[in-house]
Amino acid sequence: MQQSTYDFLRDFLVRHSGLALSEQKRYLVETRLVKIVRDYELADINAVVAELRKNEKSKLAQDVIESMTTNETMFYRDKHPFESLAEHIAPEMLERHRQLRVWSAACSRGQEPYTIAMVLDKLMPDSLRRCRIVGTDLDEVALRYADAGVYTQMEVQRGLGVRDLVQYFEQDNVNWKVHNKLRGMVKFQKLNLIDDASVASIRGEGEFHVVFCRNVLIYFSPEERCRVIDRISKRMVVGGYLFTGATEVIGQTKSEWAPVKKGQSRLWQLLKSA
Amino acid sequence: MSIVRKVMVVDDARVVRMALRGIMKKMGWEVVEAADGREAVSQLEKNPDLSLILLDWHMPEMNGYDFLVYLRSKPEFSENPKVVMVTTEASMPSMLQALAAGADEYIMKPFDADMIASKLEQVGIVVEAS
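Residues numbered from 1 in each chain as written. Chains lettered and ligands numbered in written order. Predicted model: local features only at pLDDT ≥ 70, side-chain atom pairs only at ≥ 80, totals over all residues. Heavy atoms only, no water.

Draft legend 1. Examining the overall build of chain B more closely. Within chain B one finds 5 helices and 5 strands. Along the longest, intermediate and shortest principal axes, the C-alpha atoms of chain B span 35 × 30 × 25 Å. In chain B, which comprises 130 residues, the proportion classed as buried is 53%. Total accessible area on chain B stands at roughly 6,100 Å², and carbon and sulfur atoms take up 53% of it. Looking at charge distribution, chain B has the averaged site of its 14 positive side-chain charges lying 4 Å from that of its 20 negative ones. (Helix = DSSP H or I, 4+ residues; strand = E, 2+ residues; numbered from the N terminus. Buried < 20%, exposed > 50% of the residue type's maximum accessible area, 1.4 Å probe, protein only. Areas by Shrake-Rupley, 256 points an atom, 1.4 Å probe, with all protein chains shown as cover. Lys, Arg positive; Asp, Glu negative; His and termini not counted. Charge placed at Lys NZ, Arg CZ, Asp CG, Glu CD.)

Draft legend 2. Quick look at the interface of chain A and chain B. At the interface, 17 residues of chain A touch 21 residues of chain B. Interface area for chain A against chain B, summed over the two sides, is near 1,500 Å², with a carbon-plus-sulfur share of 54%. Its largest share of buried area at the contact with chain B, chain A owes to Q157, V162 and V166 of chain A, together 36% of the area lost on that side. One salt bridge in this structure joins R158 of chain A and D112 of chain B, with 2.7 Å as the shortest N-O distance. Across the chain A-chain B interface, the total number found is 10 residue pairs in polar contact (both at pLDDT 80 or more). With 4 residues, helix α9 (residues 162-168) of chain A is the single largest residue contributor to the side of chain A that touches chain B. Across the side of chain A that touches chain B, the residue classes tally to 8 nonpolar, 5 polar and 4 charged. (Contact = heavy atoms within 4.5 Å. Buried area = accessible area lost by both parts, 1.4 Å probe. Salt bridge = Lys/Arg side-chain N within 4 Å of Asp/Glu carboxyl O. Polar contact = N/O pair within 3.5 Å; in protein donor to acceptor, adjacent residues only side chain to side chain. Nonpolar A, V, L, I, M, F, W, Y, C, P; charged D, E, K, R; others polar.)

Draft legend 3. A look at the sheet that holds strand β6 (residues 186-190) of chain A. Residue and element names in this part refer to chain A. Read across the sheet, 7 strands follow the order β6-β2-β1-β7-β8-β10-β9 without closing on themselves; strand pairing throughout is mixed. Sheet topology places β6 and β9 (256-262) at the edges, where each strand pairs with a single neighbour. Here the strands of the sheet are splayed against their neighbours by 25° on average, with no regard to which way each runs. Judged from the 7 bridges that link them, β9 and strand β10 (residues 265-272) form a sheet pairing that is antiparallel. (Pairing = 2+ DSSP bridges. Axes fitted to C-alpha atoms, helices over the stretch in contact; angles between N-to-C directions.)

Draft legend 4. Seen up close, the sheet that holds strand β1 (residues 6-10) of chain B. Residue and element names in this part refer to chain B. On the basis of which strands lie adjacent, the open sheet formed by 5 strands has the order β2-β1-β3-β4-β5 and parallel pairing. With one partner strand each, in any of the chains shown, β2 (30-34) and β5 (105-108) form the two edges of the open sheet. Across this sheet, the average inter-strand angle for adjacent strands is 20°, counted without regard to direction. Where strand β4 (residues 82-87) and β5 come together, 4 bridges link them in parallel fashion. Residue pairing across strands places M85 opposite Y106, the latter belonging to β5.

This is how it looks when you write it as structure tokens:
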């Protein structure tokens with residue numbers, strides 16, 4: 001890949017998805033875009049970029065964004081945030097609020113919001129009525145997958161125990177389908193965290209008590225990271241909790257947060273929104 | 001220094017036993033093997049200090065399910081060692097049957113090291129990085 005090609009791609013991805021790639025991420029671009037080269041029967045990555053330059057709103061452009069922003073996900077990823085949710089946060093919030101609203105802000109194929117749904121369902125018999133989970137992502141293909149709620153045998157064996165599998169899934173040929181009860185608790189919607197209007201579009205869901213935004217902030221520049229957190233804060237109740245990835249620290253935001261520890265999890269409590 | 005724990009790998013396919021042995025040894029486990037349920041019974045007598053059994057279902061002589069029932073019928077083995085089924089038997093009724101008989105976890109083949117580690121965590125075994 002020529003340097004000018006890589007420079008254009010970096011600029012394109014920042015502008016459209018906020019994804020800030022360092023010079024060292026060249027290999028990532030090369031491995032992820034191989035599929036686009038093949039699918040579109042192009043000569044190489046330089047040819048992909050030539051197409052991008054012609055039209056940044058094309059199907060190919062969307063496919064490039066999706067191939068670069070999709071992350072591997074699994075059920076119960078990191079485990080402790082869900083223990084913290086079950087043991088501390090959900091009980092605390094449900095004491096104060098009639099309904100618990102949770103936003104999974106980079107949900108990819110849906111494992112995180114469905115994990116949240118399983119955790120909450122175990123806490124209360126009327127989870128369908130008392131809990132509302134919204135999963136959002138930039139990647140439309142991943143969202144369709146999440147909405148269908150059908151996972152491969154490999155996927156349901158990563159992070160998920162057999163007892164959850166038999167309780168919350170049904171067999172669908174060689175795949176496993178999430179029960180309708182969980183699907184009823186979760187709604188999926190396309191959303192771009194770097195776009196004010198896009199984030200504002202979930203206003204109709206009400207203010208969230210808990211937000212999971214894990215392992216996505218690392219892809220943004222420090223300035224964009226702050227803007228994303230500020231946008232998220234505007235969609236939350238004051239006193240609500242934000243889970244970020246273990247290494248993702250909130251910096252110089254307009255919104256104000258207190259670092260808190262609940263169980264094994266370190267997370268952020270919103271003091272004042274942006 | 002961590003304590004070396006002992007696992008029994010029960011599978012009639014040598015290649016599967018080798019794969020599981022490799023994964024478990026990398027995680028620091030001592031591994032014993034059995035090619036069917038009957039061999040597993042005699043290995044159990046020689047190794048009452050097992051903390052884990054990775055158990056195939058379909059095997060000649062005595063199958064994995066029958067071995068599981070036998071194991072859990074012994075008062076000293078009613079809860080430990082933990083049993084993870086590792087099988088091509090990938091139906092919900094089989095899972096329910098194995099759980100009812102005292103299996104702790106269930107892996108549908110094919111597997112990889114990450115999946116094994118993930119399932120061991122499910123049964124409360126902390127996986128140490130190799």
